Amino acid sequence: MPALPARRDFLHRSLALAAAALLPAAEPDEQVIPFLDSRPFDPTNPRLPWEQTTSWLTPLEHFFWVGHYGYPEVDPAAWRLHIGGLVRNPRVLTLEQLQSRPKTELTLTLECSGNPPAGGLVGNGRFAGTPLAPILEECGLPPEGIEVVFFGADRGSEKIRGGEYPQQFARSLAVSDARRPDILLAWEMNRQPLTKEHGAPVRLVVPGWYGVAWVKWLERIEVQDRRFMGRFMGRDYVTIRGEQQGPGAVWRETSVGRMNLKSVVARVTRSPGGVVRIAGAAWSDGASIGGVEVRIDDGPWTPAQLSEGRDQPHAWKFWSLDWRNPAPGEHTLISRATDASGKVQPAPEDPFITLKKTYWEANQQAPRKIKV
Ligand SMILES: Nc1nc2c(c(=O)[nH]1)N[C@H]1C(S)=C(S)[C@@H](COP(=O)(O)O)O[C@H]1N2
Ligand SMILES: [Mo]
């Protein structure tokens, strides 16, 4: 297998770089045991490199980005936020006006609902901006308003039944969700102005919801008296899931929204003393993580130790488990999270997963293979 040494080489080199940049807490001389399917990091299309992830906060250079209609350059001086539709007092805000409002910072896990089980379309960042709810209140929500629609500056065209139509990236929230106090109009990520890739100058931040709801390059907010059914609400980012009910199944198609309970084995290391440590992350829609268990091969589920992040409801929790005397050879590691209500992250064979026909929201337990 000629590819393997090169891969290892790459890993060790990039690890040395990561260690220099962000590793005060890592143990000296620990060695990463790479996953057998580990892939090199591509800085032009970043995916969280789990095996290099030692920092609870994801550095910007490791944070994924997704843009369905490209990445528009928005001039912050010319930028305006239009708030209209059915509100009683429509408004137009400049960036300066927005930034003069009260500022809140939250540490939040952002995951794309298209992230595969152990994939890197996820990160944990600090987002700062001003709460949306008071702005909606000031604009006056009418009783007939049921949804708030958020429009980005990015545009494309969509084919529907033989026709082709202009579209703007947009997502909606029910008024009751939009009034949550922790939804932000954010202009900072990791204490820096948002980059173009992450939606500069202003994006929506929806703690506990999948990334598709976090509209970037935000330029218009509208309240309407009917459901918004654009591509990213009603046709794309939809989950078709069955549930066995007696002899048949009930099939439901829902728009991707709240995140599902999930955990991953992120990184396996060996200390100079020979102890192998299995470390990982777990997150949810904000329900607190009750615990994480790890299974090695066909062994018992063993509770891991939760470490960082327990005080931040919408940020991932880090966990680890020390594995003494691993037998040399190949092993399969798998983790499962449980939330405080007792809900357990589903196994790949769970009907919650097998009856999910679309690939979005893949929160099943993810086996990872290593060779010790
Ligand atoms: N305007 C706009 N906002 C968008 C998107 C987009 O294509 N256009 N992609 C969404 C999706 S699918 C995800 S997963 C997140 C990703 O956020 P990030 O690129 O900052 O990581 O942005 C969301 N916001
Ligand atoms: Mo996404």
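Here is what the cut-offs are and how they apply
- Residues numbered from 1 in each chain as written.
- Chains lettered and ligands numbered in written order.
- Predicted model: local features only at pLDDT ≥ 70, side-chain atom pairs only at ≥ 80, totals over all residues.
- Heavy atoms only, no water.
- Helix = DSSP H or I, 4+ residues; strand = E, 2+ residues; numbered from the N terminus.
- Rg over C-alpha atoms; globule rule 2.2 N^0.38 Å.
- Contact = heavy atoms within 4.5 Å.
- Areas by Shrake-Rupley, 256 points an atom, 1.4 Å probe, with all protein chains shown as cover.
- Lys, Arg positive; Asp, Glu negative; His and termini not counted.
- Charge placed at Lys NZ, Arg CZ, Asp CG, Glu CD.
- Core = buried A, V, L, I, M, F, W, Y, C linked by side-chain atoms within 4.5 Å.
- Buried < 20%, exposed > 50% of the residue type's maximum accessible area, 1.4 Å probe, protein only.
- Domains from an automatic or database assignment.
- Near = heavy atom within 4 Å.
- Polar contact = N/O pair within 3.5 Å; in protein donor to acceptor, adjacent residues only side chain to side chain.
- 1 Å grid on protein atoms, 1.4 Å probe; cavity = no way out; pocket = protein on both sides within 12 Å on 5 of 7 lines; lining within 4 Å.
- Sits in = over half its atoms within 2 Å of the grid points.
- Nonpolar A, V, L, I, M, F, W, Y, C, P; charged D, E, K, R; others polar.
- Points joined across faces, edges and corners; volume = space filled by probe spheres on them.
- Salt bridge = Lys/Arg side-chain N within 4 Å of Asp/Glu carboxyl O.
- Pairing = 2+ DSSP bridges.
- Axes fitted to C-alpha atoms, helices over the stretch in contact; angles between N-to-C directions.
- Phe/Tyr/Trp six-rings, centres within 6.5 Å; stacked < 30°, edge-to-face > 60°.

### Some words on the overall build of the chain
Point 1. A tally of helices and strands in the chain yields 6 helices and 21 strands.
Point 2. For the chain, the C-alpha radius of gyration of 22 Å lies close to 21 Å, the compact-globule estimate for 372 residues.
Point 3. Summarising its shape, the C-alpha atoms of the chain cover approximately 70 × 55 × 40 Å along the three principal directions.
Point 4. Counting only contacts in the chain whose residues sit at least 6 apart along the sequence, the fraction spanning at least 24 positions is 67%.
Point 5. Accessible area for the chain stands at about 17,400 Å²; split by element, carbon and sulfur atoms hold 52% of it.
Point 6. Of the side-chain charges in the chain, 44 are positive and 42 negative, and the distance between the mean point of each set is 2 Å.

### A word on the nonpolar core
Point 1. Counting residues in each nonpolar core, the largest one holds 64 residues, and the members touching the most others are Leu185 and Ile221.
Point 2. Tallying contributions element by element places strand β8 (residues 184–189) first for this core, with 5 residues.
Point 3. Residue contributions to this core reach at least three from each of two domains, namely domain 1 (6–55 + 257–371) and domain 2 (63–236).
Point 4. Setting aside chain neighbours within four positions, we find isoleucine 221 in contact with Leu81, His82, Ile83, Gly84, Leu132, Leu136, Val148, Val149, Phe150 and Leu185.

### Observations regarding the site of ligand 1
Point 1. Lining the immediate surroundings of ligand 1 are 19 residues, of which His68, Asp154, His198, Arg203 and Lys216 lie closest.
Point 2. Here an oxygen atom of ligand 1 sits 2.8 Å away from a polar atom, N or O, in the main chain of phenylalanine 64.
Point 3. Here valine 66 contributes a backbone N or O atom positioned 3.0 Å from an oxygen atom of ligand 1.
Point 4. Compared with its free state, where it exposes 520 Å², ligand 1 has 100% of that area covered by protein.
Point 5. Assessed atom by atom at 2 Å from the grid points, ligand 1 resides in the largest cavity.
Point 6. Tallied by class, residues from the shell around ligand 1 come to 11 nonpolar, 4 polar and 4 charged.

### Some details on the side chain of asparagine 115
Point 1. In this fold, asparagine 115 is placed in the loop between β4 (104–111) and β5 (122–131).
Point 2. For asparagine 115, the residues in contact, after removing those within four places along its chain, are Gly120, Leu121, Val122, Lys262 and Ala362.

### Some thoughts on empty space enclosed by the protein
Vacant regions in the atomic arrangement are exposed by a probe of water-molecule size rolled over the atoms.
Point 1. Taken as a whole, this structure holds 3 cavities of 30 Å³ or more when the rule is applied.
Point 2. Lining the largest cavity are 18 residues, and of these Val66, Arg203, Gly211, Val212 and Lys216 lie nearest its centre.

### Digging into the domain arrangement of the chain
Point 1. Structurally, the chain comprises domain 1 (6–55 + 257–371) and domain 2 (63–236).
Point 2. Using C-alpha coordinates to define each centre, domain 1 is positioned 30 Å away from domain 2.
Point 3. Our count for the contact surface shared by domain 1 and domain 2 stands at 2 salt bridges.
Point 4. Of the charged contacts in the structure, one is a salt bridge between glutamate 111 and lysine 262, with a shortest N-O distance of 2.7 Å.
Point 5. One can count 13 residue pairs in polar contact (both at pLDDT 80 or more) joining domain 1 with domain 2.
Point 6. In terms of residue class, the side of domain 1 that touches domain 2 is built from 13 nonpolar, 6 polar and 6 charged.

### Thoughts on the sheet that holds strand β20 (residues 330–339)
Two pairing modes exist for strands in a sheet, parallel and antiparallel, and in both the strands are linked by backbone hydrogen bonds.
Point 1. Judged by pairing direction, the sheet is antiparallel, and its 4 strands sit side by side in the order β17-β16-β20-β21 without closing on themselves. At either end of the open sheet lies a strand with only one pairing partner, and these are β17 (302–303) and β21 (368–371).

### Structural notes on the sheet that holds strand β2 (residues 81–85)
Point 1. In space, the 5 strands of this open sheet follow the order β3-β2-β11-β6-β7, with mixed pairing throughout. In this open sheet, the two edge strands, each paired with only one partner strand, are β3 (91–93) and β7 (163–174). Across the sheet, the mean angle separating the axes of adjacent strands is 30 degrees when strand polarity is ignored.
Point 2. Where β2 meets strand β11 (residues 218–224), 4 bridges bridge the pair, whose relative direction is parallel. Opposite isoleucine 83, over in β11, you have isoleucine 221 as the bridge partner.

### Focus on the packing of aromatic side chains
Point 1. For the structure shown, the criterion picks out 13 aromatic pairs.
Point 2. Between tryptophan 50 and tryptophan 316, the aromatic rings sit 5.5 Å apart at their centres with planes inclined by 40 degrees, giving tilted as the arrangement. Of the two residues, tryptophan 50 sits in the loop between β1 (31–32) and β2 while tryptophan 316 sits in the loop between β18 (305–306) and β19 (317–323), which places them 266 residues apart along the sequence.
Point 3. Residues tryptophan 283 and tryptophan 316 carry aromatic rings whose centres are separated by 5.9 Å and whose planes lie at 50 degrees to one another, so their mutual orientation is tilted. Residue tryptophan 283 is located in strand β15 (residues 276–283), and its partner tryptophan 316 is located in the loop between β18 and β19; the two are separated by 33 residues in the primary sequence.

### Some thoughts on the pattern of salt bridges
Where charged atoms of side chains with opposite charge meet at close range, the side chains can pair.
Point 1. With the rule as written, the count across this model stands at 24 salt bridges.
Point 2. Residue lysine 196 pairs with glutamate 73 through a salt bridge whose shortest N-O separation is 4.0 Å. Here lysine 196, found in the loop between β9 (192–193) and β10 (203–205), pairs with glutamate 73, found in the loop between β1 and β2; they are 123 residues apart in sequence, far enough to count as distant.
Point 3. Overall, lysine 196 belongs to the partly exposed group, its relative accessible area being 31%.
Point 4. Owing to a relative accessible area of 68%, glutamate 73 belongs among the exposed residues under this scheme.
Point 5. For arginine 101, the salt bridge is made with glutamate 138, and the minimal N-O distance between the two is 2.8 Å. In this pair, arginine 101 sits in the loop between α2 (95–99) and β4 while glutamate 138 sits in helix α3 (residues 133–139), placing the two residues 37 residues apart along the sequence.
Point 6. Exposure remark for glutamate 138: the relative accessible area of 40% places this residue in the partly exposed category.
Point 7. In this structure, a network of salt bridges that share partners links the residues Arg91, Arg101 and Glu138.

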